[in-house]
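Observations on the model geometry
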Amino acid sequence: MSSASLSPVLKQATPVVVDHASGSWIHGTDGRRYLDFTTGIGVTSTGHCHPDVVAAAQQQCATIIHAQYTTVMHRPLLELTERLGSHLPDGIDSVFYANSGSEAVEAAVRLARMATERQYIVTVQRGFHGRTVAAASLTTAGTKFSAGFGPLMAGVATTPFPDAMRLSMTVDDAVDYALTEFDYLLATRVNPAELAAVVVEPFLGDGGYLAVPPAFLAGLRERTRRHGALLVLDEVQAGVGRTGRFWGHQHTDGLVPDIIITAKGIASGFPISAIAAPEAIMAKAWPGSQGGTYGGNAVAAAAGVATLDVIEREGLVDNARVRGAELLTGLRDGLADIDEVCDVRGTGLMLAVEFGDPTAVAGSPDALEAARLASTVQQACIDEDLLTLTCGPTGSIVRIIPALVVTAEEVATGTERFVRAVRRVVGR
């Protein structure tokens, strides 16, 4: 009899096999209890197995599991749409549901091209938008996401990210540089009359957990309006309270995009994603261009409703802001004398510790050493019963993503464990 195994390309960041989990804690089959600062890459927003989310899913499973939403409608999806609508900017009032962040990104690109009748999508360097073909074509957080299966989707151009540290500039100068380069792109590669949309994360995810400067987002907003193009904000990782605001773009005063993409934390671990846009834009999608067998699944939608209930009732957006500030302060204080750490940053519960010289050339000995340090620290955290992840184009960053329900005590515990892991690795 033959047997099967998981693809050898699927490499776990930790050796943990889960027995059960609750809140911010994962209990392994090895008998150890791990403080989870990965949350399934920012997915389990209300913590593992929040009782209200579990109850909603259980109840829905006993009612109807799969109600394909272009065949029959179900109440959880209608309720989720109403509840999500209360968090959307004024004028963004139409929602389409899919299964994953990548699928929602592709739906947003398709809608942007259909709505504008233009071809070009401009993406911002270091952005991560997914692994499917169109989404990977937009992704520049690292070549591993788009290499090996080209040619990629045509009609995509990339503009620089205002990375002040890597450019050795002030933030203002970096923004001026990046916007000037965007304008130059429109003069040299993308005719503004063919620009359908700019797609950007308000906070970089896999590309390095960096806040996008508000002035840069505002500059993109002004330019897309001027040229009749759409501004698409990928809120897959930053949205649903992660940064201490419900949406990451709310840190830029007055910013209203044309399309918002959301997924990850919206249903506490159940697979559901969405794009939201003004109905006048959404209506320009061609018939048959939106749909899918599992999109808007009834159980996932019920979990989404329960997730929004918990976030609102327990004040989790504000908790993310307060606990994130405590965690950032603790990490900065605890690592202040570690020369190998070049930056400790974060907004809300989206934090990063970067190692080495951010100006080092990719592939150079300095860059490789920074990546080695980050990876070694991430593994050392496991020995401290703390789960973290690495990210960044060269792998030099450890990202820290607690659940929105994380407590002050858990923040203090996580800080102690992380600082201890770093000090053990660097020998201090």
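Read on for a plain summary of the structure. (Residues numbered from 1 in each chain as written. Predicted model: local features only at pLDDT ≥ 70, side-chain atom pairs only at ≥ 80, totals over all residues. Heavy atoms only, no water.)

1. Focus: the overall build of the protein chain
A count of helices and strands for the protein chain gives 13 helices and 15 strands. Computed over its C-alpha atoms, the radius of gyration of the protein chain comes to 21 Å, within 12% of the 22 Å expected for a compact globule of 428 residues. In the protein chain, buried positions account for 56% of the 428 residues. Excluding contacts between residues fewer than 6 apart, the proportion of contacts in the protein chain whose partners are at least 24 apart in sequence is 73%. Charged side chains of the protein chain number 33 positive and 46 negative; the gap between the two group centres comes to 3 Å. (Helix = DSSP H or I, 4+ residues; strand = E, 2+ residues; numbered from the N terminus. Rg over C-alpha atoms; globule rule 2.2 N^0.38 Å. Buried < 20%, exposed > 50% of the residue type's maximum accessible area, 1.4 Å probe, protein only. Contact = heavy atoms within 4.5 Å. Lys, Arg positive; Asp, Glu negative; His and termini not counted. Charge placed at Lys NZ, Arg CZ, Asp CG, Glu CD.)

2. Examining the sheet that holds strand 14 (residues 389-391)
Judged by pairing direction, the sheet is antiparallel, and its four strands sit side by side in the order 11-12-15-14 without closing on themselves. Because the sheet does not close on itself, it has two edges, and the strands there are strand 11 (341-347) and strand 14. Geometrically, the sheet is characterised by an average inter-axis angle of 25 degrees between neighbouring strands, direction not taken into account. In this sheet, strand 15 (residues 397-400) lies alongside strand 12 (residues 350-355) in antiparallel orientation, the contact comprising four bridges. Bridge pairing links L351 to I400 in strand 15. The sheet strands contacting helix 11 (residues 316-335) are strand 11, strand 12 and strand 15, and the helix crosses strand 11 at an angle near 170 degrees. (Pairing = 2+ DSSP bridges. Axes fitted to C-alpha atoms, helices over the stretch in contact; angles between N-to-C directions.)

3. What to know about helix 7 (residues 171-188)
Taking 1.5 Å per residue, 18 residues should reach 26 Å; helix 7 reaches 25 Å between its end C-alpha atoms and fits that length. Buried residues of helix 7: A174, V175, A178, L179, F182, L185 and L186, and no others. The buried residues of helix 7 occupy an angular sector of 130 degrees when projected down its axis, which confines them to one face. Residues D172, Y184 and A187 are exposed on helix 7 and point more than 90 degrees away from its buried face. At its buried positions, helix 7 is contacted by strand 5 (120-124), strand 6 (156-159), helix 6 (164-167), strand 7 (195-200) and helix 8 (214-226). (Expected span 1.5 Å × (residues − 1). Arc of directions from axis to C-beta.)

4. Here's the deal with helix 2 (residues 51-61)
Because an α-helix completes one turn every 3.6 residues, residues spaced three or four positions apart along the sequence face the same direction. Of the positions making up helix 2, those classed as buried are V53, A56, A57 and Q60. Summarising the axial view, the buried residues of helix 2 lie within an arc of 95 degrees, below the 170-degree limit, and thus occupy one face. Within helix 2, the exposed residues directed more than 90 degrees away from the buried face are P51, Q58 and Q59. Where helix 2 is buried, its residues touch helix 3 (75-85) and helix 10 (298-313).

5. Some details on the pairing of strand 10 (residues 273-277)
Each regular strand displays side chains that alternate between the two surfaces of the sheet. Within strand 10, five of the five residues are buried, which leaves the element mostly enclosed by the surrounding structure. Of the two faces of strand 10, the one holding S273, I275 and A277 and the one holding A274 and A276 are both buried throughout. Pairing of strand 4 (residues 94-98) with strand 10, which is carried by five bridges, proceeds in the antiparallel orientation. In the sheet register, A98 faces strand 10, and the bridge partner there is S273. Taken together, the three bridges between strand 9 (residues 259-262) and strand 10 define a ladder with antiparallel strand orientation.

6. Focus: a nonpolar patch on the surface
Nonpolar side chains collect at one region of the surface, where V133, F149 and L152 lie side by side and expose about 220 Å² of accessible area between them. In this structure, V133 sits in helix 5 (residues 133-138). (Patch = residues over 30% accessible without salt bridge, like charges linked within 9 Å, V, L, I, M, F, W, Y side chains within 5 Å. Areas by Shrake-Rupley, 256 points an atom, 1.4 Å probe, with all protein chains shown as cover. Salt bridge = Lys/Arg side-chain N within 4 Å of Asp/Glu carboxyl O.)

7. Description of unusual backbone geometry
Backbone torsion omega between G150 and P151 reads 5 degrees, so that peptide bond is classified as cis. Mapped onto the secondary structure, P151 falls in the loop between helix 5 and strand 6. At I41, a residue that is not glycine, the phi angle is positive and equals roughly 60 degrees. Within the secondary structure layout, I41 lies in helix 1 (residues 39-42).

8. Examining the packing of helix 12 (residues 365-383) against helix 13 (residues 408-426)
Direction vectors running N to C along helix 12 and helix 13 enclose 125 degrees, while the axes themselves pass 8 Å from each other. In terms of orientation, helix 12 lies oblique with respect to helix 13. Here helix 12 runs over helix 13; the crossing is right-handed. On the side of helix 12, the interface is formed by L373, T376, V377, A380, C381 and D383, while helix 13 contributes F418, A421, V422, R424, V425 and V426. (Parallel < 35°, antiparallel > 145°, perpendicular 65-115°, else oblique. Left-handed = near helix turned anticlockwise from the far one by under 90°.)

9. What to know about the pattern of salt bridges
Counted according to the given criterion, the structure contains 20 salt bridges. The partner of D52 in a salt bridge is R313, and the shortest N-O contact between them spans 2.3 Å. You can see D52 sitting in helix 2 and its partner R313 sitting in helix 10, a full 261 residues away along the chain. You can call D52 partly exposed: its relative accessible area is 31%. For R313, a relative accessible area of 52% puts it in the exposed group. E384 is paired through a salt bridge with R420; the nearest N and O atoms lie 2.9 Å apart. Placement of the pair is E384 in the loop between helix 12 and strand 13 (386-387) and R420 in helix 13, with a sequence separation of 36 residues. What makes E384 buried here is its relative accessible area of 14%. Look at the salt bridges and you will find they share partners, linking D183, E222, R223 and R226 into a network.

Read these as spatial facts, not as claims about activity.
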